[in-house]
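Letter by letter, the chains look like this.
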Amino acid sequence: MNSLTEIGGRRLPFLRWSFLRILVGMKRLTTEWQVGDGREDALAEHVVRHARAGDVDDAIRVVDEFCYTRSYMMNVGDEKGALLDAAVRRASPRLVLELGTYCGYSALRMARVLPAHAHTVSLEFNPDNARVARRLLEHAGVADRVTVVVGTLGDGGRTMDALEQQHGVTTGAVDLVFLDHDKDAYLPDLQRVLARGWLHPGSVVVADNVRLPGAPEYKAYMSGEEGRTWRTVEHEAHLEYQSLLKDLVLESTYQPAPG
Ligand SMILES: C[S@@+](CC[C@H](N)C(=O)[O-])C[C@H]1O[C@@H](n2cnc3c(N)ncnc32)[C@H](O)[C@@H]1O
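Residues numbered from 1 in each chain as written. Predicted model: local features only at pLDDT ≥ 70, side-chain atom pairs only at ≥ 80, totals over all residues. Heavy atoms only, no water.

The protein chain carries the name Probable catechol-o-methyltransferase in an unreviewed UniProt entry, which gives uncultured Frankineae bacterium as its organism.

Visitor: For the sheet that holds strand β4 (residues 174-179), give the residues involved together with the corresponding values.
Guide: One open sheet accounts for seven strands, arranged β3-β2-β1-β4-β5-β7-β6; its pairing is mixed. The strands lining the two open edges of the sheet, one partner per strand, are β3 (146-150) and β6 (230-238). Pairs of neighbouring strands in the sheet enclose a mean axial angle of 15 degrees, with direction left out of account. As judged from the five bridges shared by strand β1 (residues 95-99) and strand β2 (residues 119-124), these two strands associate in the parallel manner. When the sheet's bridge partners are listed, E98 is paired in β2 with S122. Strands β1, β2, β3 and β4 of the sheet are contacted by helix α7 (residues 105-113), whose axis makes an angle of about 165 degrees with β1. Lying over the sheet, helix α8 (residues 127-140) contacts β2 and β3, oriented at roughly 170 degrees with respect to β3. (Pairing = 2+ DSSP bridges. Helix = DSSP H or I, 4+ residues; strand = E, 2+ residues; numbered from the N terminus. Axes fitted to C-alpha atoms, helices over the stretch in contact; angles between N-to-C directions. Contact = heavy atoms within 4.5 Å.)

Visitor: Could you give me a rundown of the environment of D155, with the residues and numbers involved?
Guide: On the secondary structure map, D155 appears in the loop between β3 and α9 (158-167). Engagement of the side chain of D155 in a polar contact is seen with the backbone nitrogen of R158, the distance being 3.3 Å. (Polar contact = N/O pair within 3.5 Å; in protein donor to acceptor, adjacent residues only side chain to side chain.)

Visitor: Any chance you could break down the confidence of the model for the protein chain for me, citing the residues and the numbers?
Guide: Do not read the predicted coordinates in detail wherever pLDDT is low. For the protein chain, mean pLDDT is 93; residues scoring 70 or higher make up 94% of the total. Contacts for the low-pLDDT stretch residues 1-8, under 50 throughout, to residues beyond four places or in other chains number eleven contacts. (pLDDT = per-residue confidence, 0-100.)

Visitor: Describe in detail the layout of surface pockets, supporting the description with residues and values.
Guide: If you add up the space inside the largest pocket, you get close to 830 Å³. In terms of lining residues, the largest pocket is bounded by 37 residues, among which W33, M74, H181, K183 and P213 are the most central. Elements represented by at least two residues in the lining of the largest pocket include exactly α2 (17-24), α3 (26-29), α7, β2 and α11 (210-214). Tallied by class, the residues present in the lining of the largest pocket amount to 19 nonpolar, eleven polar and seven charged. (1 Å grid on protein atoms, 1.4 Å probe; cavity = no way out; pocket = protein on both sides within 12 Å on 5 of 7 lines; lining within 4 Å. Points joined across faces, edges and corners; volume = space filled by probe spheres on them. Nonpolar A, V, L, I, M, F, W, Y, C, P; charged D, E, K, R; others polar.)

Visitor: Residues and numbers for the pattern of salt bridges, please.
Guide: Opposite charge on two side chains permits pairing when their charged atoms draw close. By the definition in use, this model includes 23 salt bridges. For R61, the salt bridge goes to D58, with nearest N and O atoms at 2.8 Å. Remark: D58 and R61 occur in helix α5 (residues 56-69); sequence separation between them is three residues, near one turn of the helix. The partly exposed category is assigned to R61, whose relative accessible area is 46%. (Salt bridge = Lys/Arg side-chain N within 4 Å of Asp/Glu carboxyl O. Buried < 20%, exposed > 50% of the residue type's maximum accessible area, 1.4 Å probe, protein only.)

Visitor: Which residues make up the site of the ligand, and what values do they have?
Guide: Taken together, 20 residues lie near the ligand, and V76, G100, S106, E124 and D180 sit nearest. Here E124 contributes a side-chain N or O atom positioned 2.5 Å from an oxygen atom of the ligand. Here D180 contributes a side-chain N or O atom positioned 2.7 Å from a nitrogen atom of the ligand. Summarising the interface, the protein chains cover 96% of the accessible area of the ligand, which totals 600 Å² for the free molecule. Taken atom by atom, the bulk of the ligand overlaps the largest pocket. Of all elements in the fold, only α7 and β2 reach the threshold of two or more residues within the shell around the ligand. Class assignment of the residues belonging to the shell around the ligand gives a composition of eight nonpolar, eight polar and four charged. (Near = heavy atom within 4 Å. Areas by Shrake-Rupley, 256 points an atom, 1.4 Å probe, with all protein chains shown as cover. Sits in = over half its atoms within 2 Å of the grid points.)

Visitor: An account of α7 is requested, with residue identities and associated values reported.
Guide: Working note: α-helix, 3.6 residues per turn, so residues spaced by three or four point in the same direction. Buried residues dominate α7, accounting for eight of its nine residues. For α7, the complete set of buried residues consists of Y105, S106, A107, L108, R109, M110, A111 and V113.

Visitor: Describe the environment of T170, and please don't skip the residues or the numbers.
Guide: In this structure, T170 sits in the loop between α9 and β4. Residue classification places T170 among the partly exposed positions, given a relative accessible area of 35%. In this structure the C-alpha to C-alpha distance between T170 and G154, which are 16 residues apart in sequence, comes to 17 Å. Apart from the residues lying within four places of it in its own chain, the contact partners of T170 are E164, G197 and W198.

Visitor: Mind laying out the domain arrangement of the protein chain, listing which residues take part and the relevant values?
Guide: By the assigned domains, the protein chain splits into domain 1 (4-69) and domain 2 (77-254). Of note, the centres of domain 1 and domain 2, computed from C-alpha atoms alone, are 21 Å apart. At the junction of the two partners, domain 1 supplies 31 residues and domain 2 supplies 27 residues. Three residues, W33, V56 and I60, lead the burial of domain 1 against domain 2; their summed loss comes to 22% of the area buried on that side. For the pair domain 1 and domain 2, the number of links is three salt bridges. The partner of R112 in a salt bridge is D57, with the nearest N and O atoms 2.8 Å apart. At the junction of domain 1 with domain 2, the criterion picks out twelve residue pairs in polar contact (both at pLDDT 80 or more). Mapped by element, the contributors of at least two residues to the side of domain 1 that touches domain 2 are α1 (4-11), α4 (39-50) and α5. Top contributing element to the side of domain 1 that touches domain 2 by residue count: α5, with eight residues. The residue makeup of the side of domain 1 that touches domain 2, split by class, is 17 nonpolar, four polar and ten charged. (Domains from an automatic or database assignment. Buried area = accessible area lost by both parts, 1.4 Å probe.)

Following this line, the structure appears as structure tokens:
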């Protein structure tokens with residue numbers, strides 16, 4: 001028989017206050033990108049206190065445990081995280097561009113499976129989230145392999161110029177993009193990346209939450225471009241940290257026509 005933790009935790013977190021609290025604060029969540037009850041800073045405290053310093057596996061384990069048992073969070077989570085790990089292993093990238101750092105969970109996961117000299121540039125809108133992420137990455141011993149940059153690709157070119165001039169995000173340099181930020185920005189930001197020429201044939205774009213909360217314009221774009229400029233594999237999964245609501249992760253390989 002399931003324990004209460006199992007019922008209110010792994011399978012049905014909707015029964016937990018920490019999940020309902022997100023729904024209550026949804027407007028704030030999609031404008032300021034923090035839940036509003038201090039759980040992001042609480043996560044950082046928890047990881048520093050309970051995960052072995054310099055051990056990325058342990059940091060990931062402790063974040064997942066925090067999200068299952070204390071506060072639900074909008075990380076990619078363990079199930080979809082395994083899909084991301086596999087995509088990163090397949091692509092074997094040297095430079096990853098992540099859009100949407102939040103507390104650094106996916107950046108930790110990618111750092112764990114990336115080749116030794118690879119680097120991730122992770123872009124985050126909210127400076128408080130960036131501070132939490134840097135703390136986790138530092139504690140896990142991978143801060144030298146991930147640069148968290150505060151900004152957005154849609155700010156008129158300021159952040160894109162900074163990425164090019166200061167972080168090596170230049171023509172043909174990006175091997176893998178992880179889209180996990182504002183769902184309405186997936187397609188416009190991918191188009192900004194393409195317009196700057198940062199991708200090369202064979203670059204891979206992984207997109208989380210394509211079904212939930214949903215990125216319909218992005219999905220329609222990838223469907224329309226299938227076999228033309230992109231080849232996409234759809235990975236069925238569940239929304240993070242529960243097993244009832246379904247989600248979809250897209251893994252798309254860039255294959256523009258020669259010339
Ligand atoms: C779903 S969370 C990212 C989760 C993270 N990738 C993980 O799995 O651990 C979304 C994050 O994207 C950030 N964000 C929202 N809009 C953004 C934008 N236009 N550019 C960069 N970051 C953005 C939010 O502040 C939030 O921290």
